[in-house]
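Topology and contacts: notes
Read off the chains here:
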Amino acid sequence: MDNEIRYSIIDSTNNEAQRQIQNGVAPKGDFVIRADFQTDGRGQRGNTWHSPNATNLMFSYVYFPVKLEARHQFMLSQAAALSVAEYLKGKGVNDVSIKWPNDIYVGMKKICGMLIENTVSGHYIRYSIIGIGVNINQTQFPENLPNPTSLTIHTGKQYNLDEEFSTIIEILRQKIYDISTTNADSLMKKYKSVMLGLDKTLIYRSGGKVFKGIIRDVDHYGMLTVEDAETHEAQQYAFNEVNLVIPEQPKENI
Ligand code: BTN
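Residues numbered from 1 in each chain as written. Predicted model: local features only at pLDDT ≥ 70, side-chain atom pairs only at ≥ 80, totals over all residues. Heavy atoms only, no water.

1. Notes on the environment of Asp162
Threshold: Strands here mean DSSP runs of E at least two residues long; helices mean DSSP runs of H or I at least four residues long; both are numbered from the N terminus. Two N or O atoms form a polar contact when they lie within 3.5 Å of each other; inside protein one atom must be a possible hydrogen donor and the other a possible acceptor, and for residues adjacent in sequence the pair counts only when both atoms belong to side chains.
Along the chain, the position of Asp162 falls in helix H4 (residues 161–178). In this structure, the C-alpha to C-alpha distance between Asp162 and Leu57, residues 105 residues apart in sequence, is 8.9 Å. A polar contact is formed between the side chain of Asp162 and the side chain of Arg34, at a distance of 3.0 Å.

So this is what it looks like as structure tokens:
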């Protein structure tokens, strides 16, 4: 990738991308900010994202679509999630899935999280900062993380981060580029084929309620339809309104 800026330490690659654009110093066109270490890595729902120095991949891919309506922003989530899933499958990892909307899981464990921040102008996305953290070489995790895993844990190998970064970026760049020409239905079909919990009974939490539910659908706006396995009533949820409850996982620190 030509437009790649690397930091050994930064607060958050998403923040740095935003600053560079706002200060008018960003490279022209799409670019990537990558860091070995983040002091203020951000996750979804106001969470933090911690990663030891130079152990995992942390980067923000900044995309300036020519014409992408803001109401189609879920396509960015889908393309980014499918890219990391494809990368991991290419590394020989089995049982890779996308936990709606864009976490990547191996079995019931999380290997990658994304924080996608879109800036909208009128009906269109002006730019999208696609922040991605993928656990690559990490084998020890803090006790308070419920279900982390990494590529090394699944393959037993150590990886050169520069090489893995290039591989992921190539896949991501292609899939993001394809958004402008791909039909939304075919992207959806691919997304659903990798989705965790589709047509399966799992435990969900929504508000104060914990229930057995079955994901029945996800629409083009990213709304999730979950059927209550007992009452058979189906309800639509936006991101943040429903959460998969992960059963206690054996710790994998090695
Ligand atoms: C989540 O699972 O909650 C999302 C985690 C996103 C982490 C990545 S690491 C690179 C980029 N910079 C950030 O501050 N966050 C994202």
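2. Focus on the packing of helix H2 (residues 74–90) against helix H5 (residues 184–194)
Helix-helix packing is described using two parameters, namely the angle between the two axes and the distance between the axes. Here is the rule: Helix axes are fitted only over the stretch in contact, all axes being lines through C-alpha atoms; the angle between N-to-C directions runs from 0 to 180 degrees. Put simply, angles under 35 degrees are roughly parallel, angles over 145 are roughly antiparallel, angles from 65 to 115 are roughly perpendicular, and the rest are oblique. Should the near helix be turned anticlockwise from the far one by less than a right angle, the crossing is left-handed, and should it be turned clockwise, the crossing is right-handed. Should any heavy atoms of two residues lie within 4.5 Å, those residues are counted as being in contact.
Contact geometry of H2 with H5 gives a least axis separation of 10 Å together with a crossing angle of 50°. Our classification of the angle between H2 and H5 gives oblique. Seen along the crossing, H2 lies across H5 with a hand that is left-handed. Here Phe74, Met75, Gln78, Leu82, Ala85 and Lys89 of H2 lie close against H5, whose contacting residues are Ala184, Leu187, Met188, Lys190, Tyr191 and Val194.

3. Notes on the packing of H2 against H4
Under the convention used in this document: Ten residues, namely Ala, Val, Leu, Ile, Met, Phe, Trp, Tyr, Cys and Pro, are considered nonpolar, four, namely Asp, Glu, Lys and Arg, are considered charged, and the remaining ones, Gly among them, are considered polar.
Contact geometry of H2 with H4 gives a least axis separation of 9 Å together with a crossing angle of 140°. Between H2 and H4 lies a crossing whose hand is right-handed. When H2 is examined against H4, the residues Leu76, Ala79, Ala80, Leu82, Ser83, Glu86 and Tyr87 are found in contact with a partner set consisting of Glu164, Thr167, Ile168, Ile171, Leu172, Lys175 and Ile176. Its residues assigned to classes, the contact of H2 with H4 shows nine nonpolar, two polar and three charged.

4. Examining the sheet that holds strand E4 (residues 96–99)
We apply this condition: A pair of strands is labelled paired if DSSP reports no fewer than 2 bridges between them.
If you trace the seven strands from one edge of the open sheet to the other, you get E1-E2-E3-E7-E6-E5-E4, paired in mixed fashion. Of all the strands in the sheet, the pair left with one neighbour each is strand E1 (4–7) and E4. Mean inter-strand twist for the sheet, computed between neighbouring axes without regard to direction, equals 20°. Strand direction decides the pairing type here: E1 and strand E2 (residues 31–35), joined by four bridges, are parallel. Residue Glu4 lies in a different strand from E2, and its bridge partner there is Val32. Packing against the sheet, H4 makes contact with E1, E2, strand E3 (57–63) and strand E7 (124–134), and its axis sits at approximately 30° to E3.

5. Things to note about the domain arrangement of the chain
Where we set the bar: What counts as a domain boundary in this text is fixed by an automatic or database domain assignment. In this description, buried area is defined as the sum, over both parts, of the accessible area (probe of 1.4 Å) that is lost when the two are combined. Just to be clear on terms, a salt bridge is a Lys or Arg side-chain nitrogen sitting within 4 Å of an Asp or Glu carboxyl oxygen.
Entries for the chain in the domain assignment read domain 1 (4–193) and domain 2 (201–244). Using C-alpha coordinates to define each centre, domain 1 is positioned 25 Å away from domain 2. Taken together, the contacts link 13 residues of domain 1 with 15 residues of domain 2. Both faces considered, domain 1 and domain 2 share a buried interface measuring about 1300 Å² in area, 67% of it formed by carbon and sulfur atoms. Linking domain 1 to domain 2 there are one salt bridge. Our count for the domain 1 to domain 2 interface comes out at five residue pairs in polar contact (both at pLDDT 80 or more). The element that contributes the greatest number of residues to the side of domain 1 that touches domain 2 is H5, accounting for five residues. When grouped by side-chain class, the residues that make up the side of domain 1 that touches domain 2 number seven nonpolar, one polar and five charged.

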